Amino acid sequence: MGKVFAVLVTLITLISIAFFVMHTWWLPPNISTTGKAVDHQLEETLIGTGVLFLAGQLMLGCFAWMASGKTKDTRAKRFPGGATSVVVTAIVVVGIEIFTLTFVGSKAWGAIYLTPAEPGALRVDVQAEQFAFYFRYPGPDGQFGGLHPDKIDDGSGNYFGLDPANDVAARDDIVVGSLVVPVNRPIALSLHSKDVGHSFYVRELRMQEDFVPGLDIPLHFTATQVGKYEIVCTQLCGLGHYNMKAYLEVMSEPDYEQWLKTQAGQ
Amino acid sequence: MHEVSTHPVAHQHTAPTGFIRKYVFSLDHKVIGKQYYGLALVSVFIGMVLSWLLRIHLAYPDYHIPFLSKLSAVGAPGGVMTPEYYLSLLTMHGTLMVFFVLTNAPFAAFGNYFLPIQIGAEDMAFPRFNMMSFWTTFAAFVVMMASFFVADGPPISGWTAYAPLSAVGRDAGPGLALGQDLWAISIAIFCIASLLGALNFIATTLDLRARGMSLLRMPYSTWAWFVTSVIALLAFAVLLPACVLLILDRVAGTSFFIPAGLVLSDKLQPHSGGSPLLWQHLFWFFGHPEVYIAILPSIGIIATILPVFTRRPLLGPKALIGSMVAIGFLSYMVWGHHMFVSGMNPFSANIFSVPTLIITIPATIMTLLLTASLYGAKMRFDTPALFCLGFISVFISGGISGFYLAQPSLDTYLHATYFVVAHFHFVMAVASLFGVFAGTYFWFPKMFGRMMSESLGKWHFWLTFLGVYCVFMPMHYLGLVGNVRRYSAFVDDYLAPLIPVHRFITIAALLTGAAQLIFLWNLIWSRFRGPVASENPWEATSLEWATTSPPPFDNFGGKHPVVYHGPNELGVDGPDGTDFLMQTAAPKSS
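What you see as residue numbers is a count from 1 along each chain, following the sequence as written. For this description, chains carry letters from A and ligands carry numbers from 1, given in the order in which they are written. Owing to the predicted nature of the model, reporting of local features is limited to residues with pLDDT of at least 70; listing and counting of side-chain atom pairs is limited to 80 or more, with chain, interface and lining totals taken over all residues.

**A few points about the overall build of chain B**
Part 1 of the argument: Runs of E in the DSSP output that reach at least two residues are strands. Runs of H or I that reach at least four are helices, and both are numbered from the N terminus. Each helix and strand counted, chain B has 16 helices and two strands in total.
Part 2 of the argument: Using C-alpha atoms as the atom set, the radius of gyration is obtained and then compared with a globule rule of 2.2 Å times the number of residues to the power 0.38. For chain B, whose C-alpha radius of gyration is 24 Å, the value lies close to the compact-globule estimate of 25 Å for 590 residues.
Part 3 of the argument: Seen through its principal axes, chain B has C-alpha atoms that stretch 85 × 50 × 45 Å.
Part 4 of the argument: Looking at the 590 residues of chain B, the share that counts as buried comes to 64%.
Part 5 of the argument: Note on contacts: each residue gets a C-beta atom placed from the backbone, and two residues are in contact if those atoms are within 7 Å. When contacts within chain B are restricted to residue pairs at least 6 apart in sequence, long-range pairs at least 24 apart make up 79% of them. Partly exposed residues are those whose C-beta has more than 12 but fewer than 20 other C-beta atoms within 10 Å; 20 or more makes a residue buried and 12 or fewer makes it exposed, with C-beta atoms placed from the backbone.

Written as structure tokens, this is what we have:
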């Protein structure tokens, strides 16, 4: 019985690892300047934990195999070094793993969340609502108009609650349903929600951040590849949660300028 | 021979004779333990059927399930569930499993039945509290189940009930009116029940130990229930007021969790000044320790059972107990790792990450101690032993993925994906349930006086062990692709190619679930037809095996056991050529 368990646990372990190693299902290519560090961190964690996973499961299988032997030797063999060796091994091996991961990982995290956006970054205001994202650009005046929740009216397209009649800055604000950005230029987002919690998740940016009602949450990135990528909501927000998405369109600088002009002219 | 002492603890109540006091409103901890087990059993099968429905919907969205339309004509017209009904059932699956199964079965059920016996007591310290805590839990269950039958069904906000979705009422969507009210009331009632239970466990462990039963002579399971009680006392004490505040936001117009300026259903909400993050902090201050409330009792159960089948003491008893205590302590410093991308100060992510990673050290120590204890043993591979081995394997698998999610820089990619689903199902749900299975096969003879069928038990083990890996291992791969959880359909471009993987998982889940029917049949068959069990069929050492199967009303038939040894006297020269010493075995010299 122990031998069957040993074979089964070994097979499960090797098959599980094989799919990780073969990258059968894998992350999409990274397109952000900060994502490289995340990928590096993931790789290190995969190797470190892969070794621990393999060692742990094989040791279990091996000991179960040995324990099913019908030796006549009734003297119980003790694990070499006893409990002390186990405790020391756990502290040292896992301790090193923790130290390395924390040291490297905190830098990757810091680059995304603890470093402010560059001063010249393109500012985009993002509003999430059940079940859509809207993006606002400041327009030619470079100024965002103020927000007035009481003026929000999806029917007339006033998703942000702008008051162009009384607020000059709001008059040229550009509101669109896609996040269009120029390639290789820092982008500074400000996330806020109209109703409940939502989240901004772009796999290719290696980035996820919640929209929290009542808060403006900053998030910044620089996209390095032209293309169209999905923005999806990852915070359960109601019945249409699964269908809440938008696109991130990364354009070349001239294409972006052209797009902006078109939007401003509308 | 078990010595008789003049132990001062007298039984606080006499054996009842009427049906109601004997089987329904019983003060006997053994009956209450069985009641908790029964409630958990009902809950786990409801939860499992819900998971089947969810999985079928994900893999085959247009599949008609006739009885579903009878359960809710609005939620599943024609037997095909709507997106909101998917979320309703998802919420109920998570809530039932976390609260009514993973908290009730390994902790309340087995703890109630065996903690007093393992320490040589006749009952819990407060038998009436004990009865109250079960029936309060039952009331919570009834209130929770009632949400299936209200107008727009159970809530759709998930078992975490994040505000303001859960707080603003009907304007946020279906299920968020009366269904959400019932959810919050049920959980508040559940908290009261758990607080009563935890107090009782702590008082019993500290005050009612038999003569000679020092703390370090307590079996690992008792230690685990004791540590878990302390965790539960502090955790549910926070969730209870959080639920009360949520109820107040919903019905009394307060704004604890709702800020100003929210517009839902085209209406500006009449709230101001609240914080959605406050709910998350309060919820996870409970929620993370809850993980350990689910898993620690199972670790204790496994550590108690495994040596009986390896016929040798576990390696490092003090290290194991120390690790349990360390985990209990650390469990209160890590709640923020559920909130790395929640919008809280990103600096605090680093602060929460370190203790989260550090908690893997005591967890690794425990896993390695269990594994290393197998080394060189001559093992008896009965069903409880197989579930012990299975437990170690799934606990390793679930623990390993914790390394990823403990790091904010990786959580920013993996958060809210199926990687998380895989992680917590392995480490919290499957591992905990393997502890419950091991405990059931091991203690069933003591509880019912009959052995369970070994051949059915072994079939149950092999199918379940293979099955859970087929269900949950592929979810890691889905998570790496970025497959978001809690989606009722996969409409995003990148998710469509993953549907075959979801189909594989669904088929595996259906088969693994079906294997649980073998377990159910084994329980029923063995209860009436199983071979009669002796007093100590497994040749174990702890006190529950020093009394009849099942034990008499006062546990030891008027005797008060005296304890001379720890629970680890296995592989020794015992009396009559045996290889073990009962905890009650008097030393030869005496």
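There is more to say after this.
**Examining the sheet that holds strand β1 (residues 122-129) of chain A**
All names here are of chain A.
Part 1 of the argument: Two strands make a pair as long as DSSP finds a minimum of two bridges between them. Within the open sheet, the five strands sit side by side as β3-β2-β1-β5-β8. Their pairing is mixed. Of all strands in the sheet, those with a lone pairing partner are β3 (174-176) and β8 (217-222), marking the two edges. Adjacent strand axes in the sheet meet at a mean angle of 25° when their direction is disregarded. Here an angle of 0 to 180 degrees is reported between the N-to-C directions of two axes, which are lines fitted to C-alpha atoms, with helices fitted over the stretch in contact.

**Looking at the interface of chain B and chain A**
Part 1 of the argument: Contact with chain B, which involves 87 residues of that partner, is made by 83 residues of chain A.
Part 2 of the argument: Residue assignment for the side of chain B that touches chain A shows that the elements contributing at least two residues are α4 (83-118), β1 (263-264), α8 (276-310), α10 (346-358), α11 (360-372), α12 (383-405), α13 (408-414) and α15 (454-481) of chain B.
Part 3 of the argument: For the side of chain B that touches chain A, the element with the most residues is α11 of chain B, which contributes nine residues.
Part 4 of the argument: Its residues assigned to classes, the side of chain B that touches chain A shows 57 nonpolar, 24 polar and six charged. Only Asp, Glu, Lys and Arg are considered charged in this grouping, and only Ala, Val, Leu, Ile, Met, Phe, Trp, Tyr, Cys and Pro are considered nonpolar; every other residue, Gly among them, is considered polar.

**Some points on helix α7 (residues 220-251) of chain B**
Residue and element names in this part refer to chain B.
Part 1 of the argument: Here, expected helix span is obtained from the residue count minus one, scaled by 1.5 Å. Taking 1.5 Å per residue as the helical rise, α7 with its 32 residues ought to reach 46 Å, and the 45 Å between its terminal C-alpha atoms agrees with that figure.
Part 2 of the argument: Burial analysis of α7 places 23 of its 32 residues in the buried class, the great majority of the element.
Part 3 of the argument: Looking one or two residues beyond α7, the residue adopting positive phi is glycine 253, at roughly 75°.

**Concerning the confidence of the model for chain B**
Part 1 of the argument: Known as pLDDT, the predictor's confidence for each residue is given on a scale from 0 to 100. Here chain B averages 94 in pLDDT, while 97% of its residues score no lower than 70.
Part 2 of the argument: Here the complex is predicted with pTM 0.96, and the ipTM for its interfaces comes to 0.96.

**Let's talk about the domain arrangement of chain A**
Interfaces are often described in size by the accessible area the parts lose on coming together.
Residues and elements named next belong to chain A.
Part 1 of the argument: For the purposes of this description, domain bounds are those given by an automatic or database domain assignment. In terms of domain boundaries, chain A breaks down into domain 1 (2-68 + 80-114) and domain 2 (122-265).
Part 2 of the argument: Taking the mean C-alpha position of each, domain 1 and domain 2 sit 38 Å from one another.
Part 3 of the argument: On the domain 2 side, the residues contacting the 11 residues of domain 1 number 12 residues.
Part 4 of the argument: Of the residues assigned to the side of domain 1 that touches domain 2, the class counts are six nonpolar, five polar and no charged.

**Observations concerning the nonpolar core**
Part 1 of the argument: Structurally, a nonpolar core is described as a collection of buried Ala, Val, Leu, Ile, Met, Phe, Trp, Tyr and Cys residues joined by way of C-beta atoms within 7 Å. Within the largest apolar cluster, 280 residues are counted, with the highest numbers of intra-cluster contacts made by Leu369, Cys388 and Ala438 of chain B.
Part 2 of the argument: Residue contributions to this core peak at 22 residues, all from α4 of chain B.
Part 3 of the argument: Mapping this core onto the domain boundaries places at least three of its residues in each of domain 1 (2-68 + 80-114) and domain 2 (122-265) of chain A.
Part 4 of the argument: Apart from the residues within four sequence positions on either side, leucine 369 of chain B is in contact with Ala83 and Val86 of chain A together with Leu314, Leu315, Gly316, Ala319 and Leu320 of chain B.

**Overview of unusual backbone geometry**
All names here are of chain B.
Part 1 of the argument: For the bond from alanine 163 to proline 164, the omega torsion is 5°, close enough to zero to count as cis.
Part 2 of the argument: Inspection of the secondary structure puts proline 164 in the loop between α5 (127-146) and α6 (178-207).
Part 3 of the argument: A cis amide bond, omega -10°, links serine 549 with the succeeding residue proline 550.
Part 4 of the argument: Its place among the elements puts proline 550 in the segment after α16 (499-529).

**Regarding the pairing of β8 of chain A**
Residue and element names in this part refer to chain A.
Part 1 of the argument: In terms of burial, β8 is a largely internal element, five of the six residues being buried.
Part 2 of the argument: Bridge count for strand β5 (residues 186-193) against β8 is six bridges, and the pairing is antiparallel. When the bridges of β8 are listed, leucine 189 appears paired with leucine 219.

**A word on α4 of chain B**
Residues and elements named next belong to chain B.
Part 1 of the argument: Compared with an ideal rise of 1.5 Å per residue, which puts 36 residues at 52 Å, α4 spans 48 Å between its outermost C-alpha atoms and is within 8% of the ideal.
Part 2 of the argument: The angle between axes fitted to the seven residues ending at a residue and the seven residues starting there is what we call the bend at that residue. Helix geometry: α4 is bent most strongly at asparagine 104, by close to 60°, with proline proline 106 lying one to four residues after it.
Part 3 of the argument: In terms of burial, α4 is a largely internal element, 36 of the 36 residues being buried.
Part 4 of the argument: Glycine 120 sits one or two residues past α4 and shows a positive phi near 80°.

**Looking at the packing of helix α2 (residues 29-59) of chain B against α16 of chain B**
Residue and element names in this part refer to chain B.
Part 1 of the argument: Contact geometry for α2 and α16: axes closest at 9 Å, N-to-C directions at 155°. Comparing their axes, α16 and α2 come out roughly antiparallel. When you trace α2 past α16, the crossing you get is left-handed. Every residue of α16 that contacts α2 at Met48, Ser51, Trp52, Arg55, Ile56, Leu58 and Ala59 is listed here: Ile499, His502, Arg503, Ile505, Thr506, Ala509, Leu510, Gly513 and Gln516.
Part 2 of the argument: Tallied by class, the residues present in the contact of α2 with α16 amount to nine nonpolar, five polar and two charged. Angle categories are assigned with fixed cut-offs, so that under 35 degrees is roughly parallel, over 145 is roughly antiparallel, 65 to 115 is roughly perpendicular, and the rest are oblique. Two helices cross in a left-handed way if the nearer one is turned anticlockwise from the farther one by less than a right angle. They cross in a right-handed way if the turn is clockwise.

**Let's talk about the environment of isoleucine 231 of chain B**
All names here are of chain B.
Part 1 of the argument: Counting through the fold element by element, isoleucine 231 comes out in helix α7.
Part 2 of the argument: When the C-alpha positions of isoleucine 231 and tyrosine 292 are compared, they lie 8.1 Å apart, and in sequence the two are 61 residues distant.
Part 3 of the argument: Beyond its immediate sequence surroundings of up to four residues, isoleucine 231 is in contact with Pro289, Tyr292, Ile293, Gly328 and Ser331.

**Digging into the environment of alanine 509 of chain B**
Residue and element names in this part refer to chain B.
Part 1 of the argument: With respect to the element layout, alanine 509 can be found in helix α16.
Part 2 of the argument: Residue class for alanine 509 comes out buried when judged on the 23 C-beta atoms lying within 10 Å of it.
Part 3 of the argument: A sequence separation of 424 residues divides alanine 509 from tyrosine 85, and the C-alpha atoms of the two residues are 20 Å apart.
Part 4 of the argument: When sequence neighbours within four positions are dropped, the list of residues in contact with alanine 509 reads Ser51, Trp52, Arg55 and Val471.

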